[in-house]
Amino acid sequence: LPLLLKATLLRLASGSYRPFYNGFYYNHIMNDNGDGQDKDYFSGAKLVVETSKDAVYSYSGANVTLPCHYRYEPDMGPKRKIRIKWSKLRDDYTKEQDVMVAIGKTYMAFGDFKGRAHIHQASRHEASLVISDVRLKDDGKYRCEVIDGLEDESDVVDLRLQGIVFPYQPPRGQYRLNFHEAEQVCQDQGAILANFNQLFQAWSEGLDWCNAGWLSDGTVQYPIRLPRKPCGGVHLAPGIRSYGPRHRHLHRFDAFCFSSALKGEVFYLDRLAGMTLEEAKQSCQDAGAEIARVGQLYSAWKFLGLDRCSAGWLADGSVRYPIATPRANCGPAEPGVRSFGFP
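These figures come from a predicted structure and were not determined experimentally. Within each chain, residue numbers correspond to sequence positions counted from 1 in written order. Local features are withheld for residues below a pLDDT of 70 in this predicted model, meaning they are given only at 70 or higher, and side-chain atom pairs are given and counted only at 80 or more; totals for whole chains, interfaces and linings count all residues. For side-chain calculations, the full set of non-hydrogen atoms in the structure is used, while hydrogens and water are omitted.

Moving on to the environment of M108. Position of M108 among the secondary structure elements: in strand β9 (residues 106–109). Residues M108 and H118 lie 10 residues apart in sequence; the distance between their C-alpha atoms is 8.2 Å. Setting aside anything within four residues of it in sequence, one finds M108 in contact with V99, M100 and V101. Counting from the N terminus, the helices are the DSSP runs of H or I reaching at least four residues and the strands are the DSSP runs of E reaching at least two. The criterion used for residue contact is that any of the two residues' heavy atoms lie within 4.5 Å.

Bringing the confidence of the model for the protein chain into the picture now. Each residue carries a pLDDT value, the predictor's own confidence for that position, ranging from 0 to 100. Model confidence for the protein chain is summarised by a mean pLDDT of 87, while 85% of its residues fall at 70 or above. In the model, residues 1–34 has pLDDT below 50 throughout and makes 56 contacts with residues more than four positions away in sequence or in other chains. Low pLDDT (under 50) marks residues 38–42, which in the prediction has 18 contacts with non-local residues, meaning those over four places away or in another chain.

A separate point is the state of the cysteines. Note on terminology: pairs of cysteine sulfur atoms within 2.5 Å are recorded as disulfides. Enumeration according to the criterion identifies four disulfides in this entry. The disulfide partner of C186 is C257, and the gap between their sulfur atoms is 2.1 Å. Of note, the bridge from C186 to C257 carries an S-S torsion of about -80 degrees and is left-handed in sense. With C186 in helix α2 (residues 179–188) and C257 in strand β19 (residues 254–260), this residue pair connects regions lying 71 residues apart in the sequence. Side by side, C186 and C257 carry an identical accessibility label, which is buried. In this model C210 forms its disulfide with C231; the gap between the sulfur atoms is 1.8 Å. On the sign convention where negative means left-handed, the S-S torsion of about -120 degrees between C210 and C231 marks this disulfide as left-handed. Pair noted here: C210 is in the loop between α3 (196–204) and β16 (213–214) and C231 is in the loop between β17 (219–224) and β18 (239–245), with a separation of 21 residues, a long-range link. Judged by relative accessible area, which is 23%, C210 ranks as partly exposed. Burial classes follow relative accessibility: with a 1.4 Å probe on protein chains only, a residue under 20% of its type's maximum area counts as buried, one over 50% as exposed, and anything between as partly exposed.

With that out of the way, let us pick up the side chain of E126. By the secondary structure assignment, E126 is in the loop between β10 (117–120) and β11 (128–131). Definition of a polar contact: a pair of N or O atoms within 3.5 Å, with one able to donate and the other able to accept a hydrogen when the atoms are protein atoms, and with sequence-neighbouring residues admitted only if both atoms are side-chain atoms. Side-chain polar atoms of E126 contact the backbone nitrogen of A122, separated by 2.9 Å.

Glancing now at the packing of aromatic side chains. Note on aromatic pairs: the rings of Phe, Tyr and Trp (six-membered ring only in Trp) are paired at centre separations within 6.5 Å, and the planes decide the class, stacked below 30 degrees, edge-to-face beyond 60, tilted for the rest. Counted according to the given criterion, the structure contains 12 aromatic pairs. When the ring of F113 is compared with that of Y142, the centres are 6.3 Å apart and the planes differ by 85 degrees; the resulting orientation is edge-to-face. Separated by 29 residues along the polypeptide, F113 in the loop between β9 and β10 and Y142 in strand β12 (residues 140–148) bring together distant segments of the chain. By relative accessible area, which is 2% here, F113 ends up buried. Judged by centre distance (5.5 Å) and plane angle (65 degrees), the ring pair of Y175 and F253 falls under edge-to-face. Here the residue Y175 occupies a position in the loop between β14 (163–168) and α2, and F253 occupies one in the loop between β18 and β19, the gap between them amounting to 78 residues. Residue Y175 is classed as partly exposed on the basis of its relative accessible area, which comes to 28%. Given a relative accessible area of 10%, F253 falls into the buried group. Taken together through their ring pairs, the aromatic side chains of Y175, F179, W214, Y222, Y243 and F253 make up a single cluster. The cationic tip of R225 hangs over the ring face of W203; the distance from NZ or CZ to the ring centre is 5.3 Å. Sitting over a ring, as applied to charges here, requires NZ of Lys or CZ of Arg to be within 6 Å of the ring centre and within 35 degrees of the ring normal. Positioned above the aromatic ring of F179, the side-chain terminus of R248 is 4.3 Å from the ring centre.

In structure tokens, the structure reads:
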């Protein structure tokens, strides 16, 4: 029985889930005998973990710090050797992706975060996470977990990328993409499939689009600002219309892609006689650049104010132009990226 009880306690201490809490607080002490005979004793102190209550904003290619601090009530004095674990959560909290773990100055990052994540400990009881070269899929919720023996406390911080959601339709026409194809076409355009929070933010900023598109969670939705008959009916309030989860292989829709702010610049190359798509690609290479993708054009329009009334080729074979200041002979009366489709 003592051996069984000890094994259970050790498993609880090393597990990623919260151990049973009975109103008391314990510290885990490792002895120096090297025989694994560690001890847990009652300390009477409560472990508290706190992160930022406000979302932390960043953009693609930047470095960002997700704040996290912990303390003991009452104060335990000098800093103790504890375990810090950072995880990335799904929107529904049903699954976690390991980001990194650290004990003292020793740490290990996992998956896509290898070489990009480390713990920032500039002050006592700090456990902040630094992510360098932020990527589009880093957007989301992160859990900061501090483990001290049998104590295991955590808090969540939200990382949001400054970006733009744009609807995408392939050259083959409307509703031709299953979920996996939608993921790929967004990547091809320098973007990723948008999540619901990103689509909701775009809707609140004015996005109105009647074609249904895939989101990153496998649902199909579309944003409506002006209710009308073909878009759910005139009697429904404005909002995000949803078809719910669809079959990721069989069902076909458009895609809502998300792109962040640019590290580079989108610029125009003019030729009086015009260019074919292949000539445009070669001209960009000759200029030491590459032909822009759709997500890059949207980012340049939103974040850099790119405004040009002349249409130009993009990498996918579409022809578009960005208008920040609407004017005569440049399309509708509101700002946006205009499209001539796929000539």
